[in-house]
Amino acid sequence: MPEHSEHIVSPKIYLTIFIALIIGTSLTTWAAFQNFGPFNIVIALAIATAKATLVVLFFMHARYSERRTRLVIICAIFWLAIMLALTLSDYQTRQPRMSRLVAPVAFYRA
Amino acid sequence: MPREHYLNASYGIRSWLLTTDHKRIALLYLVSVTFFFFVGGVFATMIRIHLLTPEGALVSPETYNKLFTMHGVAMIFFFLIPSIPAVLGNFLIPPMIGAKDLAFPKINLLSWYIYIIGGCFALYSFSTGGLDTGWTFYTPLSSIYSNSAVTPAVIGIFINGFSSILTGLNFIVTIHTMRAPGMTWFRLPLFAWAHYATSLIMILGTPVVAITLLLAGLERMFHLGFFNPAMGGDPILFQHLFWFYSHPAVYIMVLPAMGVVSEIIPTFARKPIFGYSFIAASSIAIAVIGFLVWAHHLFMTGMSTYAALAFSFLSYLVAIPSAVKVFNWTATLYKGSISWDAPMLYALGFIGLFTIGGLTGLFLACLGLDMHIHDTYFVIAHFHYIMVGGAVMGYVGGLHYWWPKMTGKLYPEALSRFAAITLFVGFNLTFFPQFILGYLGMPRRYHSYPPEFQVLNVLSTAGASILALGYLLPIVYLTWSMRYGKVAGPNPWPATGLEWKTDSPPPTENFHVTPVVDWEPYDYRNRPDLGLVAGAPLAPAHGDD
Amino acid sequence: MHRTGELYGQFQTLEQQKESATFGMWIFLVTEVLFFGGMFLTYTINRHEYFTAFGVGSNTLDITLGTANTIVLIMSSFTMAMAVWSAQTAKKKLVPLFLILTLALGCVFLGIKFVEYKQKFDHHLIPGRGFDVSYCISNPASCGLQGKALEEERAEVEKAFTSDPDTNSHAQLYFSLYFAMTGLHALHMIVGAGLIIWLIKVSLRGRFTPQYNTPVEIVGLYWHFVDIVWIYLFPLLYLIDRHR
């Protein structure tokens, strides 16, 4: 068994992260009301990912944990990416597009 | 005063239903999966009898739809997926790695109860209106149009998913943290490697099918819309999500069987396994690549042609690690001193049937050919070669191989060999004609067929009755042997795994003292402690029967 | 398996036990990622296809309540982290205090969520026969809409219906996802709240020490994960097409 020495994160760091998360929340709400065209969603997801990363690294102590835990986190992200990317590969290349393939709603009302 | 072991450590119904001993939980699973095997088997029998005549001999078309659906649901979700991991894996992984129990014994018991609750929902669905959506639950049939009892079935499978997640979680943590001193990763039995890979699929795939069926269930129960084309949703999305789990689920069934075969082959060939690290790595590779191929089930249902090309290519890749295993097993057999014990017969049967099943899978991964054979009996034959010829052969073989360990008694050898051969013959007679039927164009899931297909269908039904005998025999003689079988020593074969170093049946804590592993795996030429040294004559496994 | 003090019989050492429990929770969180992932995929594909309708749906959500809830949840994550810290540093009095704070904040979150659900129910925004995405425009009084806000809302919805005549159906896809995703998230909160109540009970007996605090630690992991899900849900559900 690897020697497992516990790392105690100080309340100061927790507080810093907490403030950063609050700033992130304000930032994302503010950004949503600006018109960045197609980049609105990119900005929203980037901020969310930054916030999530802070939570994982500090609140969940991933920054101080052993290699195995990091591997687990990477696996989760990797498999999520597989699911999203390979499914989207279908939708991005589908001819005709999905909404054209599905019958108009009036069809089901008839 | 008989020696105390896990079976006689305590008595009474409570000592079983509240046990946290992984060995007892494995036996609880053994009984319950056998029950579902019979439920599924009854439906299979009715399907085969119905298909004796072209117009259908037994049931109405609606009932026929229910029969094949319920056969699939019972066999896949409630028999095949839990079979080897929850019975053999549960029983053997701790002693194989030198642990006293799994890391979370209470969660292990919980997973059995979850399985039973899920199973009750499924049985409720079967008995109150049945289920006619196909085991794949494609929307919008399942979520809107079907009039059968879809809701309880979906709830049952959703619940049952957590049983499999918890089993996988338990195995992964156990293999990581509970190994005995000296049991390094590359001394792990290949059975444990296979279960590690299986567990990966269980924890990464099962939640996806759970949420997918939940969404379909919400569509049905509360008229929400996710895939509903009447709201503009896309039913193909359901298929993507469903197969993201359900294709890898095939590897949940077959990987543990490969683990069983990897244990049996070196034992009865009396040789170290050929290419240990390749077999271990190929298990992981199958688990990973298995997640990249799911959309080959969607080639004909309206997905993008470009994506289909990519998925077709990726599907071919799975053949590589699978072939690595088959070649390594054959290389292990080469110049081995082979004994034809019953487990070995099952293992050899597995190799042959799995190879046929795997190679015909390549036919189906081929875009052009799939157009012709998609949704025909060719598909049925292909996946039964993998699931029955592969997974069930491995399961029954494994049960024989570890039966002395589990019960302390030997099974009757001659009868077992007869059963193994019966199973092999019956299986091929049942499913080989279906390859031809499919190639000739007989579609799956139809209650009737043109008269020219009758001969092949009758052959298949005849084979199914032999197959049934092949399954009934082991159940009878294995039960018989628990009372009347010859007493097995701790290591009747003898085999090199750590689980054989303890008593049969093992004590509750598996080992009286924590073992220390100082040997390499499958070292059949260099284990003087077991009487196994290079060139020594083979000690007979056990007496005549 | 017998238990000696804090050590369960299947383990050799407390170290091993802690390591296994924490690792087990991480593995469980992986399954949760994939569990929610299936819904995020469904969301992505439907939103990609019906952006206008999703925008209309998203604009009916109350951004003040949503932002407030995000902050409440982040605060509860902070107090949870502090509970873990208190256990690790032997501040026996602080552990239950921080846990109670976490629980209270969790309940505030669920309360606000309930208010939001009630609003959607009143505004005919539950998918099904009675669903009407323009309900608030035809009945501004019952939604508290008036003046400029009403005009903006009307223009928005009318524009949506011109570009996508089936907006009413497609908006149901949005609301189905809204209820499924926030509903499952809320269910996870409720489970978490139950776990925290159990922790409070144990911590009041002073059981958590620097040597034994794994339960606080792993419930904390779970709680933070639920927070992360919300960190994504908030922009994806509340912040679509907000700019004018």
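(A) How the structure looks around the overall build of chain A. In terms of helices and strands, chain A carries five helices and zero strands. From first element to last, N terminus to C terminus, chain A shows the α and β order α-α-α-α-α. Out of the 110 residues in chain A, the part that is buried amounts to 27%. Excluding contacts between residues fewer than 6 apart, the proportion of contacts in chain A whose partners are at least 24 apart in sequence is 45%.

(B) Spatial organisation of the interface of chain C and chain A. With 37 residues of chain C at the interface, the matching set in chain A holds 39 residues. At the level of elements, helix 1 (14-49), helix 3 (63-88) and helix 9 (214-238) of chain C are the ones that each hand at least two residues to the side of chain C that touches chain A. It is helix 1 of chain C that provides the largest number of residues to the side of chain C that touches chain A, a total of 14 residues.

(C) Spatial organisation of the environment of B:Tyr276. Mapped onto the fold, B:Tyr276 is located in helix 9 (residues 276-289). The buried category is assigned to B:Tyr276, around which 22 C-beta atoms lie within 10 Å.

(D) Main features of the nonpolar core. All names here are of chain B. Counting 276 residues, the largest nonpolar core has Ala74, Ile97 and Ala257 as the members making the most contacts within it. Counting residues per element, this core draws most heavily on helix 8 (residues 235-269), which supplies 23 residues. Look past the residues within four positions of Ala257 in its chain and what remains in contact with it is Ile84, Phe350, Gly390, Ala391, Met393, Gly394 and Tyr395.

(E) View of helix 7 (residues 190-222) of chain B. Residues and elements named next belong to chain B. With 33 residues, helix 7 extends 47 Å between its outermost C-alpha atoms, agreeing within 8% with the 48 Å of an ideal straight helix rising 1.5 Å per residue. Of all the bends in helix 7, the largest measures some 35° and sits at Gly205, one to four residues before the proline Pro207. Phi for His223, located one or two positions after helix 7, is positive at around 60°.

(F) Structural detail: the interface of chain C and chain B. If you look at the interface, chain C gives 34 residues, while chain B gives 32 residues. When contributions to the side of chain C that touches chain B are tallied by element, the ones reaching two or more residues are helix 1 and helix 8 (167-204) of chain C. Among the elements that take part in the side of chain C that touches chain B, helix 1 of chain C stands out by supplying 19 residues, more than any other. Per-class residue counts for the side of chain C that touches chain B are 16 nonpolar, 15 polar and three charged.

(G) Here's a closer look at unusual backbone geometry. All names here are of chain B. Here the bond from Thr139 into Pro140 is cis, since omega is 0°, no more than 30 degrees from zero. Along the chain, Pro140 turns up in the loop between helix 4 (105-127) and helix 5 (141-145). Even without glycine at this site, Asn510 takes up a positive phi of about 70°. For Asn510, the position within the fold is in the loop between helix 16 (454-484) and strand 1 (526-527). Non-glycine residue Tyr522 carries a positive phi angle of around 55°. Relative to the elements of secondary structure, Tyr522 occurs in the loop between helix 16 and strand 1.

(H) Region of the structure containing the confidence of the model for chain B. When the pLDDT values of chain B are averaged, the result is 94; 98% of them are 70 or greater. Here the predicted complex scores 0.95 on pTM and 0.95 on ipTM.

The rules behind each value
- Counting from 1, residues in each chain are numbered in the order their sequence is written.
- Each chain is given a letter, starting from A, and each ligand a number, starting from 1, according to the order in which they appear as written.
- Residue-level local features of this predicted model are given only where pLDDT is at least 70; pairs of side-chain atoms are given and counted only at 80 or more, and the full residue set underlies all totals for whole chains, interfaces and linings.
- Secondary structure counts use DSSP, requiring at least four H or I residues in a row for a helix and at least two E residues in a row for a strand, with both numbered from the N terminus.
- Around each residue's C-beta, the other C-beta atoms within 10 Å are counted; 20 or more make the residue buried, 12 or fewer make it exposed, and counts in between make it partly exposed. All C-beta atoms are placed from the backbone.
- The contact rule is simple: place each C-beta atom from the backbone, and if two of them lie within 7 Å, those residues are in contact.
- The nonpolar core is taken to be a set of buried Ala, Val, Leu, Ile, Met, Phe, Trp, Tyr and Cys residues joined by way of C-beta atoms within 7 Å.
- Given a helix with a known number of residues, its expected span is that number minus one, times 1.5 Å.
- Each residue is assigned a bend, namely the angle between axes fitted to the seven residues that terminate at it and the seven residues that start at it.
- Any residue that is not Ala, Val, Leu, Ile, Met, Phe, Trp, Tyr, Cys, Pro, Asp, Glu, Lys or Arg is counted as polar, Gly included; the first ten are nonpolar and the last four charged.
- Residue-level confidence of the predictor is what pLDDT reports, using numbers from 0 through 100.

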